[in-house]
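# Structural characterization, general
Here's the letter readout for the chains.
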Amino acid sequence: MERTSRFAPGAFPRTRLRRTRRYDWSRRLVAENALSTDDLIWPVFAIEGEAKREAVPSMPGVDRLSIDLLVDAVAGAGDLGIPAVAVFAYIDPALKTPDAREATNPDNLICRAVRAVKESHPGIGVLCDVALDPFNSDGHDGLVRDGYVVNDETVAVLATQAVVQAEAGCDVIAPSDMMDGRIGAVRDALDEAGFERVTIMAYAAKFASAFYGPFRDAVGSKAALKGDKKTYQMDPANADEALREVGLDIDEGADMVMVKPGLPYLDIVRRVKDAFGVPTFVYSVSGEYAMLKAAAAQGWLEYDQAMMECLLAFKRAGANGILTYAALEAATLLKRAG
Ligand code: PBG
């Protein structure tokens with residue numbers, strides 16, 4: 001409708017956007033987005049042993065923990081109100097093989113960690129990656145044949161891996177491998193095994209990113225990795241293709257989808273949320289965490305403020321939730337703010 005007015009719409013000096021910014025109370029009233037502890041998923045790293053804690057040098061503040069300490073750490077996250085944790089593991093290099101057979105061992109470190117966490121804290125959601133990289137002597141997410149990561153053969157192993165993790169008590173199966181057709185295969189395998197209530201969060205738009213380096217240190221896959229992951233993870237140049245990936249994963253049965261990494265891919269988060277309106281998650285990856293920690297250690301950034309600003313940016317972009325290594329720090333700050 002055409003507006004007839006002697007005032008140009010929105011014109012200064014009648015309009016002064018600084019009015020609502022003037023006070024804390026008015027800023028709070030007009031805030032369009034908010035971060036809540038309910039939005040956070042905390043990734044944790046398990047190692048073998050007892051009472052063992054190993055710092056990950058490229059991720060200051062992140063430790064690999066033996067299962068007993070991991071269970072305690074998860075209790076702390078639960079006390080802060082964090083809804084879910086993502087369990088990763090540093091697998092003994094001696095157990096890594098070209099067929100990644102440890103991935104489907106029901107007593108592998110991830111399954112034992114999941115069982116222990118669910119036994120002590122049944123009310124906390126547990127998410128597990130489905131991918132072969134921690135178990136594969138090639139460091140790749142899939143099986144390598146003649147230098148190529150083969151798709152269909154890998155998908156068959158991933159489906160078994162998902163069932164084994166569900167048996168251990170995993171609530172959310174999160175395929176992070178980027179093979180074609182894996183969501184459908186994992187859904188079918190879970191349903192056939194009686195796990196129709198287990199949720200799938202698809203790493204749907206996962207990019208071949210330089211920001212995963214510190215994570216590969218944490219799980220010990222960097223040394224093993226030959227080459228890069230560009231034949232299966234997405235090209236950072238592509239956004240339309242990300243929507244195709246997400247659409248396929250939803251069609252195949254994904255309950256929730258994820259975009260990864262986070263900060264350099266906020267445009268993808270927004271487009272996915274607008275296009276599909278499904279629960280949309282973002283993984284603020286190890287390199288993002290390392291950048292903030294490194295700058296803060298130099299005194300070049302105020303860590304808490306910069307970190308919270310980044311988390312809020314994910315909400316503004318449309319994310320329902322965020323996987324972040326800063327989950328405990330963020331939840332502590334939110335609690336303090338009341
Ligand atoms: C394994 C996996 C990776 C991450 C999560 N799952 C690394 C990779 O794909 O190489 C990265 C997480 C991070 O960097 O924080 N498929």
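The notes below deal with the structure included here. Note that the coordinates shown come from a computational prediction; the quantities given were computed from them, not determined experimentally.

In the region of the ligand, 18 residues are neighbours, and Arg216, Lys229, Lys260, Ser286 and Tyr325 sit closest. At a separation of 2.9 Å, a nitrogen atom of the ligand approaches a polar side-chain atom of Asp141. Between an oxygen atom of the ligand and a side-chain N or O atom of Arg216, the distance comes to 2.7 Å. Protein chains shield 100% of the accessible area of the ligand, which is 400 Å² for the free molecule. Only β9 (199-206) and α6 (213-219) provide two or more residues apiece to the shell around the ligand. Class assignment for the residues of the shell around the ligand results in eight nonpolar, three polar and seven charged.

All right, on to a positive patch on the surface then. A surface patch of positive charge is lined by Arg16, Arg18, Arg19 and Arg21. With respect to the secondary-structure elements, Arg16 resides in the segment before α1 (24-30).

Taken as a whole and assessed by the stated rule, the structure comprises nine aromatic pairs. For the ring pair Phe45 and Tyr325, a centre distance of 6.0 Å and an interplane angle of 10° mean the geometry is stacked. One end of the pair, Phe45, is in strand β1 (residues 40-47); the other, Tyr325, is in the loop between β12 (321-324) and α11 (327-337), and 280 residues separate them in sequence. Taken as a pair, Phe45 and Tyr325 share a single burial class, namely buried. Each residue in the set Phe45, Phe88, Tyr203, Phe215, Tyr283, Tyr289 and Tyr325 is aromatic and connected to the rest through ring pairs, giving one cluster. The ring centre of Tyr212 lies 5.6 Å from the NZ or CZ of Lys206, which sits over that ring.

Moving on, we get to the environment of Arg271. In this fold, Arg271 is placed in helix α8 (residues 266-276). On a C-alpha basis, the gap between Arg271 and Ser26 in space is 30 Å, while along the polypeptide they are 245 residues apart. For Arg271, the residues in contact, after removing those within four places along its chain, are Ala239, Asp240 and Leu243.

Counting 118 residues, the largest nonpolar core has Leu190 and Met201 as the members making the most contacts within it. Ranked by residues supplied to this core, first place goes to helix α4 (residues 151-168) with nine residues. When near neighbours in sequence (up to four residues on either side) are disregarded, Leu190 contacts Ala162, Val163, Ala166, Ile173, Phe195, Glu196, Val198 and Ile200.

Turning our attention to a nonpolar patch on the surface. A cluster of nonpolar side chains, namely Tyr23, Trp25, Leu29 and Val30, defines an oily patch on the protein surface of about 440 Å² accessible area. Looking at the secondary structure, you find Val30 in helix α1.

With that settled, the discussion passes to unusual backbone geometry. The amide bond that connects Phe12 to the next residue, Pro13, takes the cis arrangement and shows omega of 15°. One can find Pro13 in the segment before α1. A cis amide bond links Lys260 to the next residue, Pro261, at an omega of -10°. Looking at the secondary structure, you find Pro261 in the loop between β10 (256-260) and α8. Backbone geometry at Ala100 places phi at a positive 50°, although glycine is not the residue there. With respect to the helices, strands and loops of the structure, Ala100 is situated in the loop between β4 (84-89) and α3 (109-120).

Attention now goes to the side chain of Ser26. Among the structural elements, Ser26 can be located in helix α1. Given the relative accessible area of 5%, Ser26 is considered buried. With residues near it in sequence (within four places) discarded, Ser26 still touches Arg19, Thr20 and Arg21.

With that settled, consider helix α5 (residues 182-192). Listed in full, the buried residues belonging to α5 are Arg182, Ile183, Gly184, Val186, Arg187, Ala189 and Leu190. Where the residues of α5 are buried, they touch α4, β8 (172-175), β9 and α7 (240-252). Of the residues trailing α5, Gly194 is marked for its positive phi of about 90°.

What follows is about the packing of α7 against α8. Across the interface, α7 lies against α8 with an axial gap of 10 Å and an inter-helix angle of 45°. Looking at the two axes, α7 sits oblique to α8. Crossing handedness for the pair α7 and α8: right-handed. Between α7, through Asp240, Ala242, Leu243, Val246, Gly247 and Ile250, and α8, the contact on the second element is made entirely by Ile268, Arg271, Val272, Ala275 and Phe276. Considered class by class, the residues forming the contact of α7 with α8 number eight nonpolar, one polar and two charged.

Parameters at a glance
- Residues numbered from 1 in each chain as written.
- Predicted model: local features only at pLDDT ≥ 70, side-chain atom pairs only at ≥ 80, totals over all residues.
- Heavy atoms only, no water.
- Near = heavy atom within 4 Å.
- Polar contact = N/O pair within 3.5 Å; in protein donor to acceptor, adjacent residues only side chain to side chain.
- Areas by Shrake-Rupley, 256 points an atom, 1.4 Å probe, with all protein chains shown as cover.
- Helix = DSSP H or I, 4+ residues; strand = E, 2+ residues; numbered from the N terminus.
- Nonpolar A, V, L, I, M, F, W, Y, C, P; charged D, E, K, R; others polar.
- Patch = residues over 30% accessible without salt bridge, like charges linked within 9 Å, V, L, I, M, F, W, Y side chains within 5 Å.
- Salt bridge = Lys/Arg side-chain N within 4 Å of Asp/Glu carboxyl O.
- Lys, Arg positive; Asp, Glu negative; His and termini not counted.
- Charge placed at Lys NZ, Arg CZ, Asp CG, Glu CD.
- Phe/Tyr/Trp six-rings, centres within 6.5 Å; stacked < 30°, edge-to-face > 60°.
- Buried < 20%, exposed > 50% of the residue type's maximum accessible area, 1.4 Å probe, protein only.
- Lys NZ or Arg CZ within 6 Å of the ring centre and 35° of its normal.
- Contact = heavy atoms within 4.5 Å.
- Core = buried A, V, L, I, M, F, W, Y, C linked by side-chain atoms within 4.5 Å.
- Axes fitted to C-alpha atoms, helices over the stretch in contact; angles between N-to-C directions.
- Parallel < 35°, antiparallel > 145°, perpendicular 65-115°, else oblique.
- Left-handed = near helix turned anticlockwise from the far one by under 90°.

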